[in-house]
There are 4 protein chains.
Amino acid sequence: MSKKPPANAAWGGRFAGGPSEIMQRINVSLDVDKRLHEQDIAGSLAHNAMLVRAGIIAREDGERIAKGLAKIRDELAAGKFPFDPAHEDIHLNIEARLAALIGPAAGRLHTARSRNDQVATDFRLWVRDAIDAADARIRDVQAALLDRADEHAKTVMPGFTHMQPAQPVTFGHHLMAYVEMLGRDRGRFHDARARLNESPLGAAALAGTSFPIDRAATAKALGFDRPMANSMDAVSDRDFALEYLAATAICGVHLSRFAEEIVLWSGPQFGFIALSDAFTTGSSIMPQKRNPDAAELVRGKTGRFTGNLVALLTVMKGLALTYAKDLQEDKAPLFETADNLDLCLAATEGMVRDLRVNEAAMRAAAGAGFSTATDLADWLVRVLGLPFREAHRRTGALVKRAEALGCDLAALPLAEIRKIEPRISDDIYSVLSVDKSVASRTSLGGTAPSRVKRAVAAARKKYL
Amino acid sequence: MSKKPPANAAWGGRFAGGPSEIMQRINVSLDVDKRLHEQDIAGSLAHNAMLVRAGIIAREDGERIAKGLAKIRDELAAGKFPFDPAHEDIHLNIEARLAALIGPAAGRLHTARSRNDQVATDFRLWVRDAIDAADARIRDVQAALLDRADEHAKTVMPGFTHMQPAQPVTFGHHLMAYVEMLGRDRGRFHDARARLNESPLGAAALAGTSFPIDRAATAKALGFDRPMANSMDAVSDRDFALEYLAATAICGVHLSRFAEEIVLWSGPQFGFIALSDAFTTGSSIMPQKRNPDAAELVRGKTGRFTGNLVALLTVMKGLALTYAKDLQEDKAPLFETADNLDLCLAATEGMVRDLRVNEAAMRAAAGAGFSTATDLADWLVRVLGLPFREAHRRTGALVKRAEALGCDLAALPLAEIRKIEPRISDDIYSVLSVDKSVASRTSLGGTAPSRVKRAVAAARKKYL
Amino acid sequence: MSKKPPANAAWGGRFAGGPSEIMQRINVSLDVDKRLHEQDIAGSLAHNAMLVRAGIIAREDGERIAKGLAKIRDELAAGKFPFDPAHEDIHLNIEARLAALIGPAAGRLHTARSRNDQVATDFRLWVRDAIDAADARIRDVQAALLDRADEHAKTVMPGFTHMQPAQPVTFGHHLMAYVEMLGRDRGRFHDARARLNESPLGAAALAGTSFPIDRAATAKALGFDRPMANSMDAVSDRDFALEYLAATAICGVHLSRFAEEIVLWSGPQFGFIALSDAFTTGSSIMPQKRNPDAAELVRGKTGRFTGNLVALLTVMKGLALTYAKDLQEDKAPLFETADNLDLCLAATEGMVRDLRVNEAAMRAAAGAGFSTATDLADWLVRVLGLPFREAHRRTGALVKRAEALGCDLAALPLAEIRKIEPRISDDIYSVLSVDKSVASRTSLGGTAPSRVKRAVAAARKKYL
Amino acid sequence: MSKKPPANAAWGGRFAGGPSEIMQRINVSLDVDKRLHEQDIAGSLAHNAMLVRAGIIAREDGERIAKGLAKIRDELAAGKFPFDPAHEDIHLNIEARLAALIGPAAGRLHTARSRNDQVATDFRLWVRDAIDAADARIRDVQAALLDRADEHAKTVMPGFTHMQPAQPVTFGHHLMAYVEMLGRDRGRFHDARARLNESPLGAAALAGTSFPIDRAATAKALGFDRPMANSMDAVSDRDFALEYLAATAICGVHLSRFAEEIVLWSGPQFGFIALSDAFTTGSSIMPQKRNPDAAELVRGKTGRFTGNLVALLTVMKGLALTYAKDLQEDKAPLFETADNLDLCLAATEGMVRDLRVNEAAMRAAAGAGFSTATDLADWLVRVLGLPFREAHRRTGALVKRAEALGCDLAALPLAEIRKIEPRISDDIYSVLSVDKSVASRTSLGGTAPSRVKRAVAAARKKYL
């Protein structure tokens, strides 16, 4: 700023610290990227060991570096690392600390490496860990759903379309739908993990290096499947972060749908379930009130997953290769999503394990609204051989009759039934109760309790 | 949790603190909403004064409450407030502290009020402050742009379409485009402020209250224009936050476009400007290198504005009235955006004030590529009376001729010109230089330096 | 393509029409921008008239142009305009048609104008019309809400927080919340209209023009408040479209929240309302079923509003000035949103006008769950002078007692009540019914029927 | 509507067709979902064949149905199918047509099936085809990139960080970065395909069916890997569409980054490449101008990919199970994205194949800005054994000296060099030219031409 034209002196006054203070504030990323510290040290250790083995740096220097890094790792683990915001990020903080601990040899660690491949490596390692954590958490939710689905394989409830009861299903069957959705979510995380698991280390600033490094060795040491094939790609793409955020947003949709159901089911209008005190907040004035806060927070937080995905898609979209400082904005949204995903999954597992089922309320709702009309129509097709659409029309007439008489289908006298279709026998009543209806849907993936039991067993084998 | 079925005992083990620990972690908002503390105390003071005036609470209680709140305000300002995460948010922290300070009278403050209208009030006040801060910051950027536009009202540079030079403009004119965009941004913030400036206080939980409160008085005390007209609306809508985030996202598009230009202009391919050390980071190895980090960070951070807008739109979209805990997720995205907007505006102002203009490079680029071809065509229309489209064709032929001869239009001999259109006189050269071109565009809003000067003067009057 | 190296011959084969066919397909915008035809002709007529008045083109040419444009307008209105995709957009189609109709004079219309300012003008005019249409439609929804709110100012229903009944409100009061939200939506559209209502015409390609045009005249002729002040801003910004999309997304949140409530209320679990056949679809098999398709479609379509806003924010964000072809992607998302907004508003108005209210179901739900507990607590504060928090605790004990006795608060014997607080008199019963509760909330904006009536009257004056 | 209160008669007037006309307009999806016709018929044929084999419908009925469907397929292929908007979607159109063609037997096709599983099946099949098309298109882009990378394995250009030249790379190496990105994009589509390739058919409305259907058979007939395991999941999730949109959005980021580079490179400031007439639009007035419209449209259209992803994430997020009409909004955004992805990939392939490289301009830019400073520093480390950070500092001093002398590093006299570091020998010049620099970066994934050639060969084997 020494050659700044005098005209600018004025505005310097308005910003206490001058332009450099603003720059420092907008530029600093330490508060965010300090979460990469374990990954950063692991990457440095692997790079250092390789440099020694390849004869690029001397063994003694390598040993000094390794010892210094180990000490720094301990300091960080113990919360005693002397962070200095003047070194804008975690990488420079560790580098400066290493120099302080072991002197000039520290400078050799950066041979054949650049912050560009270093941060890409650290971030991939972090996301990989986040994926593993998500996988374990989702598996726990599935385990909880499977336990409750097993317990409620026969518990009848309404199956809704358009939020209107359509056909009876079992609560176990309903829960198993989420086991499947979450299974695909795990698949997405799994695929994302496999795709990201390539090492950027050794790409250097952007062009590779003339030092005889062994990228396969560092890749292996860090658990990567192989080195990335192109150095420019290695330092400038963040599609692994986008894919993680996309998988999270889709998983968030599933969690939000379930949370929506929990909110509805636990209200008095549905009354299907009761959440425990653990996952609700009460009101000192209305002690019977149980606000489903945890479910609402899952619904709310998952909305932010979409926002964070959009943020990074937007940040990345217009950037020419290779590294640009815009990429610094990749971490905060991802960390925030990862933290909230963890909370949402834990809360969901907890609610599933903890909820009490009001079987009577579910059954009453399942039987209302002529919910076995489809069963009646299917009987007409199966037994009388009516075309499906014709059976539909005949059933409609019977429902109208029952409505007029103010009774349910199962309570409609046979005489009344025969006015509409004389060929109907009293065998018809065998399909008109909700239990019969549910028991009959034995097609693969259907809601029959026997099917649900088998589905639970198969899913346990597949997912747990 | 006491009646939790034994089956659940198992999973409790996996979560150190049990379900209630998860609930506590997902539920706590103190780290985020503590930023509302000033607003919260202001709201409480206004409510308290009104309760006293309306005779709803006793004068002595009111005085004790006011004194307690003043003390808490001091503690907060001094960083000495004893935050307790067990009280999940800032409101309960202050309430608990007040009780500790003044005893049971503290309980009277909550008469005819609920956390629902309280948090809505606090948040509106906070967003109002954020809008005022944004307005002042944008004004500063405009002031910087106006100073530099004034200084460079005559500095010729290429005007681009499709990133291809199309017609010469002046650098001052180019900067003035942003003054206009930012003017509309201020307009959006201004309108958002007017719309949000209604008081939710007194809506109570959701239905209003039976106490004879004076909502107009508390509204006035807090600088609101009037009380909100419907209590359910007051506690459940957050459109003021959405509107703020939308105004920010649009402003972010403007800042990002300018940042994109700064990044391009400061690279050697353009070489139009140089940023000072204050807004760049260098390379110890390439001391000539000046990475435009501040501009890149503006471009990156504004991408997150879109993400945060999407987050809250998504959170709000499916919620039935009135308050739902999902609304707790309204603050983090907004605070993050407000912080980053402040940084982006400060950095933009700084870069504008600080950049050095390479007039020679701008002029050279402005003259390349037959950029005065339109002037030539306009001359043919104006002087020879050709229809515009015909003049276009004739000009194309002349450009082709110049290209073949390897010279610019201004260097094309009259003899060559007349081969294509014999009626052209040597008056034509009066429009073929970039200075002449620029000077001629005197239409309102055009790039003629005289126009730019007038535009600067008008904008100073309008915006500063 | 004539100089294409032979190596490329190969791939040409795979694309039937060669590269130019791909280019034509990606480049053509006629199917989308033909919707600008009225605006395009209006703009041309205004420009033409000004050119004549300013002496830039001859009166006879001007007359021929005006006549030609009038004929084209008729052809377009009659659906007889000969669209030709070879002219990639609506502007070139009209230009070509004008040339065919009136010959070379057509070429003079483009004097001192460019497609860049022309399309910006057309698009602003179109969005202005869309805003006016939205305003009228929203007003209609408000009118419908006001009629029904008036009708149901006293109809008691539960007021929900966390989807749990919290306090009784009236259906009219609930509807009035949406009148307020929609009022702010109209405000946003109104502000957006005022901000966009400046004329880009005369900005020419990007730099203004040397012709002595009268931009104020064309602005006035097209109903703009003034010409835009900077030519580069005029042709390259689309913040008016972003602001429209943002206002729409926020309005969409309001419509979606109401649609969510309609879906819930019309299901048997709530049973608060019944939608007519006009806004539901049935099932041939379950004739009693009324799927709230219209409400679901409103909820679904408004989700796309957010997507379209994001699309344009993303498109705009990285563009250097001035015009870039990316801007062609501004219209499709906006047209789609405008069409769907119109449908959503019409459907919402229709549902509001058409729904039947099940007052008994609402009242029953309003009285359940000790919903007047707050009224009891307020009585303790008001009559006995207890601090609010203490009154809360005492009320909680009474609710627990009522729950134990299996009765509602209003049915709790005074003797039981006095066990918990001996000072309570039988005046307490005056606040424990839902009607009394509702009637008592007479604070400004509260749910008391008298307040709702006044709110309806005030809103009619303000909004209709 | 028969019992509509008289008050409503009024508004009926305003909507020409009354409420049912609005409902019809908001409800109809035929214009969008008619694109599913092939998938719909394939699904029906498979279902029909299975019903016959399982003995659920008679062979003769099955034959009649199959014949009718074949005829309908021909009608559709020939553009002669009598679409009727009164049947709101493609499924009902085909069903009605089948009834018209073969009579009541048509009604049997719907046995053990519902529109819910039918549309889910159709949509999965369509997305599967879209994935296959995308895969083929991306492969074509990779093939084009590989051909040009091979051709330009040695063509030197600047490698940028922060849009500032940092180190020389080869154009081939730069293009190979995109081959890798697109390879991962194909991986994402591939994984999405595997995950979606399960059959919903037979889930019926939501609960499965009591008919003895063979879901494995229909799954196999339609090329699905297996039936979906849960009927409720089958009809209500659309995560396969979300995953497709997410993969597209990420691929769009890659295409947009490349398009951004093409736009910059083809402008005169960079001048690295020239696009042919086929992918540019010109200006009649500036014949030398080549606007990179195709690249700009790629950049613009890919912005809408993000919007469409957000739209469907938002639509899905709050929906309770199972089918809701909101899901009708899943198709339009996805179809739009698929169409634009196809165009963007074709245009990108075309531009890659077609662009001419200006090697001289690339080389000149590569050599500017002391771009081999890193090579010098690496030499100091390798030959003199300096620690990396120390070598960095020494190099900085040399660059400053060269800058002061106004020459490039390669032109700095040895005497000058030795003033700063006396141990430097004239071997140093072996690393200071751009060709030497590039040739030296032989690490795996590095930019050395030999490496690029090997990378091209490996990628050809892997991707083509």
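Preceding this section is the structure that the text describes.
About the thresholds
Residues numbered from 1 in each chain as written. Chains lettered and ligands numbered in written order. Predicted model: local features only at pLDDT ≥ 70, side-chain atom pairs only at ≥ 80, totals over all residues. Heavy atoms only, no water. Helix = DSSP H or I, 4+ residues; strand = E, 2+ residues; numbered from the N terminus. Rg over C-alpha atoms; globule rule 2.2 N^0.38 Å. Contact = heavy atoms within 4.5 Å. Lys, Arg positive; Asp, Glu negative; His and termini not counted. Charge placed at Lys NZ, Arg CZ, Asp CG, Glu CD. Expected span 1.5 Å × (residues − 1). Buried < 20%, exposed > 50% of the residue type's maximum accessible area, 1.4 Å probe, protein only. Least-squares fit on C-alpha atoms with pLDDT ≥ 70 in both. Phe/Tyr/Trp six-rings, centres within 6.5 Å; stacked < 30°, edge-to-face > 60°. Lys NZ or Arg CZ within 6 Å of the ring centre and 35° of its normal. Buried area = accessible area lost by both parts, 1.4 Å probe. Salt bridge = Lys/Arg side-chain N within 4 Å of Asp/Glu carboxyl O. Polar contact = N/O pair within 3.5 Å; in protein donor to acceptor, adjacent residues only side chain to side chain. Nonpolar A, V, L, I, M, F, W, Y, C, P; charged D, E, K, R; others polar. Pairing = 2+ DSSP bridges. Disulfide = S-S within 2.5 Å. Arc of directions from axis to C-beta. Core = buried A, V, L, I, M, F, W, Y, C linked by side-chain atoms within 4.5 Å. Axes fitted to C-alpha atoms, helices over the stretch in contact; angles between N-to-C directions. Parallel < 35°, antiparallel > 145°, perpendicular 65-115°, else oblique. Left-handed = near helix turned anticlockwise from the far one by under 90°.

1. Let's talk about the overall build of chain A
Of the regular secondary structure elements, chain A holds 19 helices and six strands. Relative to a compact globule of 464 residues, whose C-alpha radius of gyration would be 23 Å, chain A shows 31 Å and is clearly more extended. Counting only C-alpha atoms and orienting by the principal axes, one finds that chain A spans roughly 100 × 55 × 40 Å. Contacts spanning at least 24 positions in sequence make up 73% of the contacts within chain A whose residues lie at least 6 apart. Averaging the locations of the 61 positively and 57 negatively charged side chains of chain A gives two centres separated by 2 Å.

2. Re helix H16 (residues 388-405) of chain C
Because an α-helix completes one turn every 3.6 residues, residues spaced three or four positions apart along the sequence face the same direction. Residue and element names in this part refer to chain C. For H16, with 18 residues, the first-to-last C-alpha span of 26 Å sits near the 26 Å given by 1.5 Å per residue. All buried positions along H16 are accounted for by Phe388, Ala391, His392, Arg394, Thr395, Gly396, Leu398, Val399 and Ala402. Looking at the buried positions of H16, the neighbouring elements they touch are helix H15 (373-384) and helix H17 (414-420). Looking at the residues trailing H16, positive phi occurs at Gly406, about 70 degrees.

3. Looking at the relation of the copies chain B and chain A
Both copies of the chain are related through a single rotation about an axis accompanied by a shift along the same axis. Of the transformation placing chain B onto chain A, the axial shift is 0.0 Å and the rotation is 180 degrees, giving an RMSD of 0.0 Å. Taken together, the rotation and translation relating the two chain copies correspond to the operation of a two-fold axis. By C-alpha distance to the rotation axis, the residue of chain B lying nearest is B:Gly307, at 2.0 Å. Taken together, the interface assignments show that 100% of the residues at the interface of chain B recur at the interface of chain A, consistent with an identical surface on both copies.

4. Description of the packing of aromatic side chains
The final tally for this structure, using the stated rule, is 42 aromatic pairs over all chains. Between C:Phe123 and C:Phe335 the ring centres are 6.4 Å apart and the planes differ by 85 degrees, which places this aromatic pair in the edge-to-face class. In this pair, C:Phe123 is assigned in helix H7 (residues 115-151) and C:Phe335 in helix H13 (residues 331-354), connecting sequence segments 212 residues apart. The side chain of A:Lys34 reaches across the aromatic face of A:Phe83, ending 4.4 Å from its centre.

5. Side note on the interface of chain B and chain C
The interface is formed by 93 residues belonging to chain B together with 93 residues belonging to chain C. A per-residue breakdown of the area chain B buries against chain C is headed by B:Arg257, B:Lys317 and B:Leu321, which together make up 10% of the total. Counting across the chain B and chain C interface gives 14 salt bridges. One can count 58 residue pairs in polar contact (both at pLDDT 80 or more) joining chain B with chain C. The class makeup of the residues in the side of chain B that touches chain C is 38 nonpolar, 32 polar and 23 charged.

6. Description of the pairing of strand S1 (residues 156-161) of chain B
Residue and element names in this part refer to chain B. Burial runs high along S1: six of the six residues are buried. Pairing between S1 and strand S2 (residues 164-170): six bridges, direction antiparallel. Opposite Thr161, over in S2, you have Gln164 as the bridge partner. Hairpin connection of S1 to S2: two residues between the antiparallel strands, including His162 at a positive phi of 55 degrees.

7. A look at the relation of the copies chain B and chain C
In the superposition of chain B on chain C (RMSD 0.0 Å, axial shift 0.0 Å), the rotation amounts to 180 degrees. By residue overlap, the copies meet face to face through one surface: 100% of the interface positions of chain B are interface positions in chain C.

8. Some remarks on the interface of chain B and chain A
Taken together, the 54 residues of chain B in the interface contact 54 residues of chain A. Our count for the contact surface shared by chain B and chain A stands at ten salt bridges. Ionic pairing is found between A:Arg299 and B:Asp326, a salt bridge with its closest N-O pair at 2.7 Å. At the boundary of chain B and chain A, one finds ten residue pairs in polar contact (both at pLDDT 80 or more). Among the elements that line the side of chain B that touches chain A, the one with the most residues is helix H12 (residues 293-317) of chain B, at 16 residues. Residues belonging to the side of chain B that touches chain A are distributed by class as follows: 23 nonpolar, 13 polar and 18 charged.

9. Structural notes on the side chain of D:Glu180
Mapping D:Glu180 onto the fold places it in helix H8 (residues 171-196). Despite its burial, D:Glu180 remains without a salt bridge, the nearest opposite charge being carried by D:Arg184 at 4.8 Å. Every residue in contact with D:Glu180, bar those within four places of it in the chain, is listed here: A:Ala229, A:Asn230, A:Asp233 and D:Tyr463.

10. What about the environment of C:Pro158?
Residues and elements named next belong to chain C. Within the secondary structure, Pro158 sits in strand S1 (residues 156-161). On the basis of relative accessibility, which here comes to 1%, the residue Pro158 falls in the buried class. Spatially, the C-alpha atom of Pro158 lies 26 Å from that of Leu414, the residues being 256 residues apart in sequence.

11. Some remarks on the environment of A:Val434
Residues and elements named next belong to chain A. Among the structural elements, Val434 can be located in helix H18 (residues 434-440). Along the backbone, Val434 and Thr372 are 62 residues apart, and their C-alpha atoms lie at a distance of 6.7 Å. With sequence-adjacent residues up to four places away left out, Val434 is seen in contact with Val156, Pro168, Arg363, Ala366, Gly367, Ser371 and Thr372.

12. Thoughts on the environment of A:Leu45
All names here are of chain A. Relative to the helices and strands, Leu45 is located in helix H4 (residues 37-53). Judged by its relative accessible area of 22%, Leu45 is partly exposed. In this structure, Leu45 is in contact with Ala66, Leu69 and Arg73, ignoring residues within four places of it in sequence.

13. Considering the pattern of salt bridges
Proximity of charged atoms lets side chains of opposite charge pair with each other. On inspection of all chains with the given rule, the structure shows 188 salt bridges over all chains. The partner of C:Glu151 in a salt bridge is C:Arg148, with the nearest N and O atoms 2.8 Å apart. Of this pair, C:Glu151 and C:Arg148 both sit in helix H7, three residues apart, which is roughly one turn of the helix. Each member of the salt-bridge network shares a partner with another, and the members are A:Arg184, A:Asp185, A:Arg188, A:Asp191, D:Arg195, D:Asp233, D:Asp237, D:Asp239 and D:Glu243.

14. Regarding the state of the cysteines
Residue and element names in this part refer to chain B. With the rule as written, the count across this model stands at zero disulfides over all chains. This cysteine, Cys251, is not joined by any disulfide, and Cys344 carries the nearest cysteine sulfur, 8.9 Å off. When its relative accessible area of 0% is taken as the criterion, Cys251 is described as buried.

15. Quick look at unusual backbone geometry
Cis geometry marks the peptide bond from C:Leu321 to C:Thr322, where omega comes out at -5 degrees. Structurally, C:Thr322 is set in the loop between helix H12 (293-317) and H13. Residue A:Met163 is not a glycine yet carries a positive backbone phi of 60 degrees. Note on placement: A:Met163 falls in the loop between strand S1 (156-161) and strand S2 (164-170). By relative accessible area, A:Met163 is classed as buried at 11%.

16. A closer look at helix H5 (residues 59-77) of chain D
Residue and element names in this part refer to chain D. A rise of 1.5 Å per residue sets the reference length of H5, with its 19 residues, at 27 Å; its end C-alpha atoms lie 27 Å apart and thus fit the reference within 8%. Taken as a whole, H5 has its buried residues at Asp61, Gly62, Ile65, Gly68, Leu69, Ile72, Glu75 and Leu76. In a view along the axis of H5, the buried residues occupy a sector of 145 degrees, so they form one face of it. Turned more than 90 degrees from where H5 packs its buried face, Arg59, Lys67, Asp74 and Ala77 sit exposed.

17. Quick word on the nonpolar core
In this structure, A:Tyr244, B:Tyr244, C:Tyr244, D:Tyr244 and D:Phe272 are the most contacted members of the largest nonpolar core, which totals 588 residues. Excluding residues within four positions of it along the chain, D:Tyr244 makes contact with D:Val127, D:Ala130, D:Ile131, D:Phe189, D:Leu334, D:Thr337, D:Ala338 and D:Leu341.

18. Here's the deal with the side chain of D:Ser114
Looking at the element boundaries, D:Ser114 is found in the loop between helix H6 (90-102) and helix H7 (115-151). Residues within four places of D:Ser114 in sequence aside, it is in contact with D:Ala204 and D:Ala205.

19. Comments concerning the packing of helix H11 (residues 239-266) of chain B against H12(B)
When two helices pack together, their arrangement is captured by the angle between the axes and the distance separating the axes. Residue and element names in this part refer to chain B. It is the contact of H11 with H12, at a shortest axis distance of 8 Å, that shows an interaxial angle of 160 degrees. One finds that H11 runs roughly antiparallel with respect to H12. Between H11 and H12 lies a crossing whose hand is left-handed. Here the contact of H11 with H12 is composed, by residue class, of 16 nonpolar, six polar and three charged.

20. As for the packing of helix H8 (residues 171-196) of chain B against helix H8 (residues 171-196) of chain C
At a minimum axis separation of 11 Å, H8(B) and H8(C) run at an interaxial angle of 155 degrees. With respect to each other, H8(B) and H8(C) are oriented roughly antiparallel. Crossing of H8(B) over H8(C) shows right-handed handedness. Here B:Arg184, B:Gly187, B:Arg188, B:Asp191 and B:Arg195 of H8(B) lie close against H8(C), whose contacting residues are C:Arg184, C:Gly187, C:Arg188, C:Asp191 and C:Arg195. In the contact of H8(B) with H8(C), the residues fall into no nonpolar, two polar and eight charged.

Read these as spatial facts, not as claims about activity.
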